[in-house]
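Spelled out, the chains give:
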Amino acid sequence: MKKHLRLFLINLAALWLVTNFLAGVNISGGLQSLALTALTLTVVNLAIRPLIKLLFLPINLITLGAFRWLVNVGSLYLVTLFVPQFEIRGFRFPGYNYQGFTIPAMNLNAFWALVLVSLIISFTTTLLLWLIRK
């Protein structure tokens, strides 16, 4: 139970960060909808994600794990289906430039926005889990 509560709080923090920093992610309904989305993401990661991993096992074996990100995208897409207050839509990334390192401006459609949000949530949850264990 303690592990599930910890995962819920980490998912809550990751979703809060993503909704505040990316224009394409919207949770309508305030804190209750954010908590419902985090709870749904936790349940999907604990219950449905292993089934999705099993479904994509042949692709992961052929590509030696390179398509593991597709499981995260599928899980996040399921959350958008289960929670109507949570939506991920396409948006315009204005670009980034720092000391010669440049990421050009681009328009992301709904699929690539979903991929980007999935990667950011995965990175954030992994970082927070690592910080808590240390």
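What you see is a predicted model; the values in this text were computed from it and never measured. (Residues numbered from 1 in each chain as written. Predicted model: local features only at pLDDT ≥ 70, side-chain atom pairs only at ≥ 80, totals over all residues. Heavy atoms only, no water.)

Here we come to the side chain of Ser-118. Along the chain, Ser-118 turns up in helix 5 (residues 110–133). Overall, the relative accessible area of 5% leaves Ser-118 in the buried class. Among the polar contacts listed, one links the side chain of Ser-118 to the backbone nitrogen of Val-73, at a separation of 3.5 Å. Setting aside chain neighbours within four positions, we find Ser-118 in contact with Trp-69, Asn-72, Val-73 and Leu-76. (Helix = DSSP H or I, 4+ residues; strand = E, 2+ residues; numbered from the N terminus. Buried < 20%, exposed > 50% of the residue type's maximum accessible area, 1.4 Å probe, protein only. Polar contact = N/O pair within 3.5 Å; in protein donor to acceptor, adjacent residues only side chain to side chain. Contact = heavy atoms within 4.5 Å.)

End to end, helix 4 (residues 69–82) covers 20 Å across 14 residues, agreeing with the expected 20 Å (1.5 Å per residue, within 8%). What helix 4 keeps buried is the set Val-71, Asn-72, Val-73, Ser-75, Leu-76, Val-79 and Thr-80. Of the surrounding elements, those touching the buried residues of helix 4 are helix 2 (30–55), strand 2 (86–88) and helix 5. (Expected span 1.5 Å × (residues − 1).)

Nonpolar side chains in soluble globular proteins tend to end up buried together. Formed by 25 residues in total, the largest nonpolar core has its most connected members in Leu-15, Val-25, Leu-76, Phe-86, Ile-88, Val-117 and Ile-121. For this core, the secondary structure elements donating two or more residues are helix 1 (2–21), strand 1 (25–27), helix 2, helix 4, strand 2 and helix 5. Every residue in contact with Ile-88, bar those within four places of it in the chain, is listed here: Gly-24, Val-25, Leu-76, Thr-80, Ala-113, Leu-114 and Val-117. (Core = buried A, V, L, I, M, F, W, Y, C linked by side-chain atoms within 4.5 Å.)

According to the stated counting rule, one finds 1 salt bridge in the structure shown. Note that Glu-87 is salt-bridged to Arg-89, the shortest N-O span being 3.2 Å. The partly exposed category is assigned to Arg-89, whose relative accessible area is 37%. (Salt bridge = Lys/Arg side-chain N within 4 Å of Asp/Glu carboxyl O.)

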